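# Structural features, examined
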Amino acid sequence: MLASICVLAACGAPQRVLPADPMDRARILLDEGRLLDAQQAAEEVANRGDRAATLFVADIEIRLGQHTAAVQRLERAVMRWPGDGEVTYALGRALDGAGKGDLALPHYAAWLKSHPGDVQAALRMATLLLNRGDAAVGSAVCSAALQTHPDDVALLALYARAMLARGRLPIALKAATRATEIEPSATEGWLQLARIQLVAGERAAAIEALEKLLAFDPQHVGALVLLGRIHLESGNPRLAMPILRRAVLIARDDVVLLNLFAVALDGAGRSSEALKVLQRAIAQAPRLVVLRRNLAEMLLGSGEIDAAHDAAAGAVALARENAEHDESQAGERAAAEETLARTVVARALLRAACAGERDSAAVLATIHAGLRAEGINIESDAVDRLGSN
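As the structure is a computational prediction, the values presented were derived from the model and not from experiment.

### As for the side chain of Thr-180
- Looking at the element boundaries, Thr-180 is found in helix H11 (residues 169-182).
- The buried category is assigned to Thr-180, whose relative accessible area is 7%.
- A polar side-chain atom of Thr-180 sits 2.7 Å from the main-chain carbonyl oxygen of Thr-177.
- The residues touching Thr-180, leaving out its near neighbours within four places in the chain, are Gly-189, Trp-190 and Leu-193.

Next comes the structure, spelled out in structure tokens:
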């Protein structure tokens, strides 16, 4: 009886009817967070050449990460409506998302020239410039936007980041502090403030800023990583370890974070767990040299010399290959070669000890022969230093 009543009640409940107009229907679906349904509802109208529907669908494609589709749609729109600033700005957003920053920047600049008060456009352009290493122009974009929006917290935090990149610490500090004063729960302001204080050598103040940030957002990965890194670089891996573990639980597939967590674990004496974490990172990014180099260092530290040598040799092979195509990788190659050299020295010393070899000249000759076989040229005093390490 009860089941029958429930069925009747359900059947009698009024059913919501969406508007017949596809764009009205699409807007309601978008407001409800049903992006794919909204996209489908507006698609037919957009394909008929409706400008508003084209921009609507392109915006959803950008939100969904379908940047290539958005670029293609908006390139056709630009040809259909040449000189339409809104369309070209949308194309800039799509190009930016597709990783084509060089092509996106002129569209952002053109839009801001005619819409100087558009904070979101200023944030997008300045962020793109900063990510590309152009802090000077990025800070100028922020500064111009702050003239009309002096208390915008996101702008202040980004301006602080830009000024930090330019080495203008007092200006950066003022902007970040102002952001936290206007909106204490704005996490980006605290993050930039911590970074500035760290560069200024105020480690305790940086830690305090990060702890305030984490009080508002306990799952802020950037803050957890920076706080863990501060403790790690201060020689406190046991403090860093639980903080970085929290970050790993949130960003499980971040190989840079996994590497940092492994270093903390190893420093805290948990070598077995550190090796497992590092091997997990290598499985996800097998061509990242630093992971294989750290694996070799950990194996060497735990006395697994042959395994350390194999890991180091793999790191060197990758580093040399990368350096052939990118000169900026020379430092990584040198670091990998030093790790490999240390494993060569350690293996030679271990074998000499096992064989009862007491002739230091013979041992040194063996070491140099091993280094030459690996393509590494190191002076004798450097070999002594590697042996002592």
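### Here we look at helix H8 (residues 119-131)
- Compared with an ideal rise of 1.5 Å per residue, which puts 13 residues at 18 Å, H8 spans 18 Å between its outermost C-alpha atoms and is within 8% of the ideal.
- Those residues of H8 that fall on the buried side of the exposure criterion are Val-119, Ala-121, Ala-122, Leu-123, Met-125, Ala-126, Leu-128, Leu-129 and Leu-130.
- In this fold, the buried residues of H8 make contact with helix H6 (85-97), helix H7 (101-114), helix H9 (135-148) and helix H10 (153-165).
- For H8, the N-terminal cap is Asp-118; the gap from its side-chain oxygen to the backbone nitrogen of Gln-120 is 3.2 Å.
- One or two residues past the end of H8 sits Gly-133, with phi positive at roughly 90 degrees.

### Thoughts on the nonpolar core
- In this structure, Leu-74 and Leu-210 are the most contacted members of the largest nonpolar core, which totals 114 residues.
- Apart from residues lying up to four places away in sequence, Leu-74 is in contact with Leu-55, Ala-58, Val-87, Ala-90, Leu-91 and Ala-94.
- Ranked by size, the runner-up nonpolar core spans 14 residues in total, among them Leu-35, Ala-46, Ala-53 and Ile-60.

Thresholds applied
In this convention, every chain numbers its residues from 1, walking through the sequence in written order. With the structure being a predicted model, the display of local features is reserved for residues of pLDDT at least 70 and the display and counting of side-chain atom pairs for 80 or more, all residues being used for whole-chain, interface and lining totals. To get the side-chain values, take all heavy atoms of the structure and skip hydrogens and water. The helix count covers DSSP runs of H or I at least four residues long, the strand count covers runs of E at least two residues long, and both are numbered beginning at the N terminus. Think of it in three bands: with a 1.4 Å probe and only protein chains considered, a residue is buried below 20% of the maximum accessible area for its type, exposed above 50%, and partly exposed in between. Between N or O atoms, a polar contact is any pair within 3.5 Å; within protein, one atom must be a potential hydrogen donor and the other a potential acceptor, and residues adjacent in sequence are included only when both atoms are from side chains. By the convention used here, residues are in contact when the closest approach between their heavy atoms is within 4.5 Å. Here, expected helix span is obtained from the residue count minus one, scaled by 1.5 Å. Nine residue types can take part in a nonpolar core, namely buried Ala, Val, Leu, Ile, Met, Phe, Trp, Tyr and Cys, and a core is a set of them joined through side-chain atoms within 4.5 Å.

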